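Commentary on secondary and tertiary structure
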Amino acid sequence: MLNTIDPNGSLNFLMRILTMEMKKKIFTQIRLKRIAAFAIDAVIVSILLSIVYRITGFANFPGVLTEMIEIQKTMNEAASQDAIVQVMALFNEAFLQSLLIWFCYDVLTTLLLRGSTIGKMIFRLKLTHINNKKGELAYGLFVIVRSFFKFLSMFLFQGLPFLISVISIFANPNSLAAHDRLARLVVVNKNVVTSLE
């Protein structure tokens, strides 16, 4: 029996393979750009935290460090337990204040820069509705909800959500983190969004 190759069928099959490979490459690029954008935003927020601390004294991580050094010096068992409780309370307060500053940065830059934080803007990424619907009020509310859940989970689980988000971004085909799914938003290349409009 001879195997016959349908010229149109093999061409369609080849095109599907190429299209799948291109999609994988695009989504891998978006994922890496998204992590790099997060790192840039983290540096910017660190600078903002430093400025806010110098002006207001809030997000007092230097105070936490000072208290920890004092505990190490004394090492008295009874006194150190009370000091550890005080340091943890001071740390939690500073951590919450830093998350509030980051939340404000995230929401304000995303709304003012039309879907991008400064990090996303550098990498030409944009936050948009999953189904590309328009509506500025709804979009603004979705951005606030997204940021709220993102930072609430960071406060409750302190660091673990970042790892879960990175795994989630790489694990699903649309590169959605849990907070993206909750708010029905997606991070895309600005070039792709512009060409769709």
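Everything discussed here concerns the structure shown above.
Residues numbered from 1 in each chain as written. Predicted model: local features only at pLDDT ≥ 70, side-chain atom pairs only at ≥ 80, totals over all residues. Heavy atoms only, no water.

1. Considerations on the pairing of strand 1 (residues 125–129)
Put simply, the test is: Partly exposed residues are those whose accessible area sits between 20% and 50% of the maximum for their type, while under 20% is buried and over 50% is exposed, using a 1.4 Å probe and protein chains only. Here a strand is any run of E in DSSP of at least two residues, a helix any run of H or I of at least four, and the numbering for each starts at the N terminus. Two strands qualify as a pair provided that DSSP identifies no fewer than 2 bridges between them.
Among the 5 residues of strand 1, 5 are classified as buried, and the element is accordingly described as predominantly covered. When strand 1 meets strand 2 (residues 185–189), the two strands line up antiparallel, connected through 5 bridges. Looking across to strand 2, one finds that L125 is bridged to N189.

2. What about unusual backbone geometry?
In this structure, R114 takes a positive phi of about 55° despite not being glycine. Within the fold, R114 resides in the loop between helix 3 (77–112) and helix 4 (118–122). The class of R114 is exposed, set by a relative accessible area of 69%.

3. Things to note about the nonpolar core
Using the following cut-off: By nonpolar core we mean a set of buried residues, namely Ala, Val, Leu, Ile, Met, Phe, Trp, Tyr and Cys, connected to one another through side-chain atoms within 4.5 Å.
A42, V45, L49, A59, F95, L99, I101, W102, Y105, F151 and M154 form the largest nonpolar core, which has 11 residues in total. Listed by contribution, the elements that provide at least two residues to this core are helix 1 (7–56), helix 3 and helix 5 (136–157). Looking at this core element by element, the count peaks at 5 residues for helix 3. Ranked by size, the runner-up nonpolar core spans 7 residues in total, among them L127, Y139, A183 and L185.

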